[in-house]
Amino acid sequence: MPPSIVWFREDLRLADNPALAAAVAAGGPVICLFVRETGVEGVRPLGGASNWWLDKSLQSLDRSLSGAGGRLVLRTGHPKAVLFDLIRETGAKSVVWNRRYGEPEKHTDADIKAALKDAGVLAQSFNGRLLMEPWELKTGSGGYYRVFTPFWRALQAAYVAPPALDAPKRIEGVDVESERLADWPLHPSAPDWSAGLRAAWTPGEAGAKARLLRFLEGPVNQYAEDRNRPDLDTSSSQLSPHLRFGEIGPAQIWRAVKAGVAAGRIDERPAHVFLSEIAWREFSNVLLSFNQQLARKNYNSNFDRMPWRQDTAALTAWQRGETGYPVVDAGMRQLWHTGWMHNRVRMIVASFLTKHLLLPWQAGEDWFWDTLVDADPAINAASWQWTAGSGADAAPYFRVFNPITQGSKFDETGGYVRRWCPELAKMPDKFLHAPFEAPESVRSKAGVILGRTYPEPIVEHSAARERALDAYKQTKEEQGAA
Ligand SMILES: Cc1cc2nc3c(=O)[nH]c(=O)nc-3n(C[C@H](O)[C@H](O)[C@H](O)COP(=O)(O)OP(=O)(O)OC[C@H]3O[C@@H](n4cnc5c(N)ncnc54)[C@H](O)[C@@H]3O)c2cc1C
C-alpha cells in the first residue's frame, strides 16, 4: 500500500490523535512529518520560550514514535513544497492533519488541501485541538457567541465526547531523509537562559499525562477555592503548555474529569469550574477563528482612539519585574524564570500594564508571546483584550485592579512574593505588598532600601488609576463627538 503522511503541527501526541489514528487505520506505512515552516507570509514566529518547548516536545514525540516502530521526519520549507516533495519521494497517496484556527495557517491549509486534491492525493483534516469546531456552536441568530456564559451553556448542552482513540501500538515507518532536530535553532544558546524552564517542566505527552493524573488525584477537588492562589503550586493544573502543543487534547481532559466525577473521586463543583476554564480556551478559539487579527486589532473599535502612551522605561521596568509593586514584580519574574505565570497574576500584571502604565495591550501580548511556554495565538490575544477592556465579553475598562489589595487578598500568606522577590522576604506581612507604605524603621529592619534593594513604585496607584479612567472617558467622548 502507498504510505500516508501525517502532518503534525499543534498535536504532538500519539493518543487521541484523530489524524494519526486515521493514517494508521488506512493500513499502509505512515510518514510522521513535522515542518519548520518558512516562506508563508504573515506567519508569526514562535517566541523564545515556545521554541524551547517545541524542541523538547519534538524529541519526546520522536521517542514515542520510535517506540512504536515509526519515526519523526523533520523538514524545513513552505509546507506545500515540503509535502509535494515527500509525495514525489515516497508515492504517498494521502495526507492527514488536525486543524488549526489562526491566520494565515487556515488559508495555508485550505490552499494545500485544494492542491493535494487537484493532484489526486487524498487530503483530510480532523479536529484534534478543540472540543467543538468554532463554527459548530451558533447563537439563535446564526452568529458565533460573543459572550462566554451562553457559550458555555450551549457547549455543555451540545458536547458529547467522542470515544477515546488509543495510541497506535505499531506504526510502520518509511525510510526517508530527515533533518536533525539539533540543527534547528530552537534551543537557546549564547546565552542559554533555559535552566528555570528545564527545572519546571517535562514537555511531551508523558509529562502531560502525568500532570493531568497528579492534578485529578487530589488538587482538582480544591480548585474552586484555590484556583486564585498563586502561592500554591497545585492551585491549578499547569496543563497550559501541554495543551498549547497538543501533547494532550481537551477531549482527553473532559473524559478524565467526567470519569472521576462518575466514580465519586472528583466533586461536581470543582469539576464544573475546571471544565469551564477549558471552555474559556474554546471561547478564545471561537473569537480567533472569526477575528483573525485578534492579536493586533481591538475587538471593540472604540479602543482605536485610546491615547496609549509610549514609554520604553516603564515597559522595561514591567518586563523585568521592577515596578515597585511586589505582586506585579513577582509575576513578571516567575514568567521570566519558568515561562509561566499564575492566571490571577496574569490578570494583575496585564491590568497594571494597560491601566496603571497606560501602555498598549499589544506590547504586553508581545512580551507574553515571547516568554510564555504556553503562548497561544487565541488565548493570549483574547485574554489581553479581555483585561484591557477592548475584547469580547471583556472586563470593564473602569475595573482597575489595585495591585496592593490584589496582592494581599490572593497572596495572603505572602509566599508568592517572598519566593519571587526574595529581597522582600523579611518584610512583615502587613507591608509586604506595599513596602513603600512601611515606616522607614520597618523597612530598615527587613533590610529593604527603596531604590537600592527594591525599586520605588514607578507610578502612584491612585494617580495612575485616575489617568487611566480619564483616558477612557476622553476616548468615549471623542467617539461620541465623531
Ligand atoms: C493577559 C493574559 C494572557 C494569557 N495568555 C495565555 C496564553 O498565551 N496561553 C494560555 O494557555 N493561557 C493564557 N492565559 C490564560 C490563563 O492564565 C492560563 O491558561 C492559565 O494560567 C494556565 O494555567 P493552568 O494550565 O494551570 O490553568 P488551569 O486553571 O488549570 O486551567 C486549565 C486550562 O484551561 C485553559 N484556561 C484556563 N484559564 C483560561 C483563560 N482565562 N482563558 C482561556 N483559557 C483558559 C488553559 O488551557 C488551561 O491550561 C492568559 C491569561 C491572561 C490574563
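For the structure itself, look to the data block above.
Residues numbered from 1 in each chain as written. Predicted model: local features only at pLDDT ≥ 70, side-chain atom pairs only at ≥ 80, totals over all residues. Heavy atoms only, no water.

Caption draft 1: View of the nonpolar core. Membership of the largest hydrophobic core comes to 50 residues, with the highest contact counts inside it found for W318, V328 and F368. It is helix α14 (residues 343-356) that provides the largest number of residues to this core, a total of six residues. If sequence neighbours within four positions are ignored, V328 has contacts with W318, T323, I348, V349, F352 and P403. Membership of the second largest hydrophobic core comes to 41 residues, among which are M132, W254, I278 and A381. (Core = buried A, V, L, I, M, F, W, Y, C linked by side-chain atoms within 4.5 Å. Buried < 20%, exposed > 50% of the residue type's maximum accessible area, 1.4 Å probe, protein only. Helix = DSSP H or I, 4+ residues; strand = E, 2+ residues; numbered from the N terminus. Contact = heavy atoms within 4.5 Å.)

Caption draft 2: Spotlight on the sheet that holds strand β3 (residues 72-77). Sheet architecture is open: five strands sit in the order β3-β2-β1-β4-β5, paired in parallel fashion. The open sheet terminates on both sides in strands that have one partner only, identified here as β3 and β5 (122-126). Pairs of neighbouring strands in the sheet enclose a mean axial angle of 25°, with direction left out of account. Bridge count for strand β2 (residues 30-37) against β3 is six bridges, and the pairing is parallel. Across the sheet, L33 pairs through a bridge with V73, a residue of β3. Lying over the sheet, helix α2 (residues 48-67) contacts β1 (4-8), β2 and β3, oriented at roughly 140° with respect to β3. (Pairing = 2+ DSSP bridges. Axes fitted to C-alpha atoms, helices over the stretch in contact; angles between N-to-C directions.)

Caption draft 3: Representation of the site of the ligand within the structure. Around the ligand there are 28 residues in total, and Y223, S236, S237, Q238 and N343 lie nearest to it. Within the side chain of S237, a nitrogen or oxygen atom sits 2.6 Å from an oxygen atom of the ligand. Bound to the protein, the ligand loses 95% of the 820 Å² it would expose on its own. Of all the secondary-structure elements, those providing two or more residues to the shell around the ligand are α9 (240-244), α11 (268-290), α14 and α16 (379-388). With six residues, α11 is the single largest residue contributor to the shell around the ligand. Residues that form the shell around the ligand fall into these classes: 15 nonpolar, eight polar and five charged. (Near = heavy atom within 4 Å. Polar contact = N/O pair within 3.5 Å; in protein donor to acceptor, adjacent residues only side chain to side chain. Areas by Shrake-Rupley, 256 points an atom, 1.4 Å probe, with all protein chains shown as cover. Nonpolar A, V, L, I, M, F, W, Y, C, P; charged D, E, K, R; others polar.)

Caption draft 4: Representation of the pattern of salt bridges. One pass over the structure, following the stated rule, counts 26 salt bridges. Ionic pairing is found between R255 and D16, a salt bridge with its closest N-O pair at 3.3 Å. Of this pair, R255 sits in helix α10 (residues 250-262) while D16 sits in the loop between β1 and α1 (18-25), placing them 239 residues apart in sequence. The burial state of R255 is the same as that of D16; both residues are buried. The salt bridge involving R296 is made with E365; its shortest N-O contact spans 3.3 Å. Here R296 is found in the loop between α11 and α12 (312-320), whereas its partner E365 is found in helix α15 (residues 361-371), with 69 residues between them in sequence. Residue class for R296 comes out partly exposed when judged on its relative accessible area of 37%. You can call E365 buried: its relative accessible area is 0%. (Salt bridge = Lys/Arg side-chain N within 4 Å of Asp/Glu carboxyl O.)

Caption draft 5: Spatial organisation of the side chain of N98. Positionally, N98 belongs in strand β4 (residues 94-98). A distance of 2.7 Å separates polar atoms of two side chains, one belonging to N98 and the other to N17. A polar side-chain atom of N98 sits 3.3 Å from the main-chain amide nitrogen of A19. Not counting residues up to four positions away in its chain, the partners in contact with N98 are R9, D11, N17, P18, A19, F126, N127 and G128.

Caption draft 6: Molecular detail of the packing of α15 against α16. α16 packs onto α15 with a crossing angle of 145° between their chain directions and a minimal axis gap of 10 Å. Considering only the axes of α15 and α16, their crossing is right-handed. Residue-level inspection shows W361, G364, E365, F368 and W369 of α15 in contact with α16, the latter providing N380, A381, W384, Q385 and A388. Taken together, the residues that form the contact of α15 with α16 break down as six nonpolar, three polar and one charged. (Left-handed = near helix turned anticlockwise from the far one by under 90°.)

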